[in-house]
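Structural description and commentary
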Amino acid sequence: MKISKRLTSLFLVMALVAALFVFPASADDTRKVVKTIDLGGGVVAKTYDLTGVYGSSAGKTVPGYSVEFTAGEYIPLAFAYNAGWASQLKTNFEKAQERFGYEVVAAMNGTFFSMSNGYLNSMFVSNGRVACAHSGLTDSMIAFMPDGSIKTVNSCLSYKLVIDGIVVPSGIGHINKWNDEGKWDDKFYYFDVSCGTKSDSSKCDVNGIELICKKTNNTDLIIGGTMTAEVVEVKKDSKGNAFNVDDKSVTDGFALFVKNGSANQKYADIKPGAIIEITVEETIEESREIMENASSVIANIGFLVKDGEDMTAKGGSIGTHDVNMVRGWTALGWNDEGKTIMFVVDDKDRISMRDVAKNLMEMGYTNVARFDGGGSCALYVKDTGDGKPGYLASTTRAISDCLLLVKKTSLEDEAKTAALKEAMDAAAKTLEAEPSNVQLKSAYDLAVKAYGDGHPTYGEAVRALSAINSVGSVTAELDKAISAAERITYTKYTAEQLGKIYEAYNYAKAVRSTPDAATEAVVKAAED
């Protein structure tokens, strides 16, 4: 009896000791790599068996998919071949190569949009150019820099439209976007090849005036710059201008549409040869440098992990969805070592948002942002393991924007690179004669950095050209002065100072809106 009690006690002690050394399930228990595909250039696609830990997905094993890379040779690019509409991810992958000449390795669905007409809720910048946006938007954005690094900022862009020297009040309403039928406002709508084969003004319930324009001076719709263009045709009582997307020169063209009956229609009563100017500015001071220099930008729906902290552990919702909801999820993760992951669990399989955060943190990602989920989830790669492109995670749903992984050198435009080299050589000669020209030296240094090894991206080249071309431009200086006055913090000035600023601002605005203003007047306005 005593021996039996002693044995029982011994077994209990052993069981207690064993319990003290029981560890929670390891990453290997909840995530196993079942397939690896080398996509080249250090880019690797993986398929996982993921076992849920949270919510109703706990204990269930589903497939997950990723594309991992280190910033450098390949960089992320926000994209939509048919901006303002919805299209299949596979189609975006193919058109990025066929129409734009990008070398694409992978594609992942992007952010929220209207299921009824494909209207993108937010905006995006692609290869340095504002490709889809609307005025008045303030949103959290993910910015992809030319070196492959990733930043997050809050952004609010402003758009200034000048037609034949006249500033159009609240001129630009939408860029490669359209409203539901019957809801088109009085503002001008901008459309270019990014919206597809024809202007989306075809969807307006009434006709209007279309100004068919051609970009000049190697400018484009970049943040922090002014695009200039010449009107080549004025089409009255018209809509739906066609773009010949097979003609490479069409990328230099765009259409401005204003509907019949609009209060702004009077500004479109012009003739071919008139000059159009569109200036895009970041109005949030602390975000300006990042937004102006980003290669591309896409909306940040919400952080699952931020600076190493699991935001889903706090409970609640992220991007209108509860963190314990079991659905398909798409996420982008990155860390300070330059590693980035495109991660998808499609909606046929499903897992909780908390499980997505858990897995990516275990994989070493200190920042994870969610994209659109549910039926939008998809991941497409150039090689699924059999040498052919295809879906790893698939969907039948058409999506609005997407995130591509592209070879950086394929984002170059050789004509813009040549123009930049010519401008740099000319600036260098001028600096030899005028070494104290600080403004030109600053623009030249920016251009040298952008030119790099001789293969800048399109956005880098246009931005550098804009900086060099604006040197010595009194109009550009006047625009900067007006913009600075519009951004002042009123509490930093006395009533008397504000009065003087207001007086100078009104004078500058009046001069800027006078087509034939004398150079002396423009200089004086800029100085004031």
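Residues numbered from 1 in each chain as written. Predicted model: local features only at pLDDT ≥ 70, side-chain atom pairs only at ≥ 80, totals over all residues. Heavy atoms only, no water.

A look at the sheet that holds strand β4 (residues 74-79)
Read across the sheet, five strands follow the order β4-β29-β5-β27-β28 without closing on themselves; strand pairing throughout is antiparallel. Because the sheet does not close on itself, it has two edges, and the strands there are β4 and β28 (390-393). Strand-to-strand twist of the sheet, defined as the mean angle between neighbouring strand axes without regard to direction, takes the value 25°. For strand β5 (residues 104-109) and strand β29 (residues 402-407), the ladder comprises five bridges, and the chain directions are antiparallel. Across the sheet, A106 pairs through a bridge with L405, a residue of β29. Against the sheet, helix α3 (residues 89-98) touches β4, β5, β27 (379-381), β28 and β29, its axis set at about 145° to β5. (Pairing = 2+ DSSP bridges. Helix = DSSP H or I, 4+ residues; strand = E, 2+ residues; numbered from the N terminus. Axes fitted to C-alpha atoms, helices over the stretch in contact; angles between N-to-C directions. Contact = heavy atoms within 4.5 Å.)

Focus on the packing of aromatic side chains
Scanning the model with the defined rule gives twelve aromatic pairs in all. Pairing F79 with Y102 gives two aromatic rings, centres 6.2 Å apart and planes at 75°, and the pair type is edge-to-face. With a gap of 23 residues between them, F79 in strand β4 and Y102 in the loop between α3 and β5 connect regions that are remote in the sequence. Exposure remark for F79: the relative accessible area of 2% places this residue in the buried category. An aromatic cluster is built from W184, Y189, F191 and F257, whose rings are joined through pairwise contacts. Across the ring face of Y54, the terminal group of R354 is positioned such that the distance to the ring centre comes to 4.0 Å. (Phe/Tyr/Trp six-rings, centres within 6.5 Å; stacked < 30°, edge-to-face > 60°. Buried < 20%, exposed > 50% of the residue type's maximum accessible area, 1.4 Å probe, protein only. Lys NZ or Arg CZ within 6 Å of the ring centre and 35° of its normal.)

Brief notes about the pairing of strand β18 (residues 302-306)
Within β18, four of the five residues are buried, which leaves the element mostly enclosed by the surrounding structure. Here β18 runs beside strand β26 (residues 367-370); their pairing, made up of three bridges, is antiparallel. The residue bridging G302 from the neighbouring strand is R370, located in β26. Sheet topology note: the β18/strand β19 (residues 309-310) ladder contains two bridges and is antiparallel. Across the sheet, residue V305 finds its bridge partner in β19, namely D310. Where β18 folds back onto β19 in an antiparallel hairpin, the turn is made up of two residues, including D307, whose phi is positive at roughly 50°.

Quick word on the pattern of salt bridges
Within this structure, the stated rule accounts for 17 salt bridges. Between K46 and E68 there is a salt bridge, with its nearest N and O atoms 3.4 Å apart. Here K46, found in strand β2 (residues 43-51), pairs with E68, found in strand β3 (residues 61-70); they are 22 residues apart in sequence, far enough to count as distant. For K46, a relative accessible area of 23% corresponds to the partly exposed category. You can call E68 buried: its relative accessible area is 8%. (Salt bridge = Lys/Arg side-chain N within 4 Å of Asp/Glu carboxyl O.)

Digging into the environment of I166
Tracing the backbone through its elements, the reader meets I166 in strand β10 (residues 166-168). Relative accessible area serves as the criterion here: at 28%, I166 is assigned to the partly exposed category. Along the primary structure I166 and E277 are separated by 111 residues, whereas in three dimensions their C-alpha atoms are 9.7 Å apart.

Examining the confidence of the model for the chain
Of the residues in the chain, 84% reach a pLDDT of 70 or more, and the chain-wide mean stands at 87. Confidence drops under a pLDDT of 50 for residues 1-25, and excluding neighbours within four residues, the segment shows one contact in the predicted structure. Here residues 518-526 is modelled with pLDDT under 50, and outside its nearest four sequence neighbours on either side it reaches 18 contacts, counting other chains as well. (pLDDT = per-residue confidence, 0-100.)

Overview of the nonpolar core
Judged by nonpolar contacts, the single largest core of 41 residues is most densely connected at V130, F188, L211, L256 and I276. Of all the elements, strand β9 (residues 150-163) adds the most residues to this core, at five residues. (Core = buried A, V, L, I, M, F, W, Y, C linked by side-chain atoms within 4.5 Å.)

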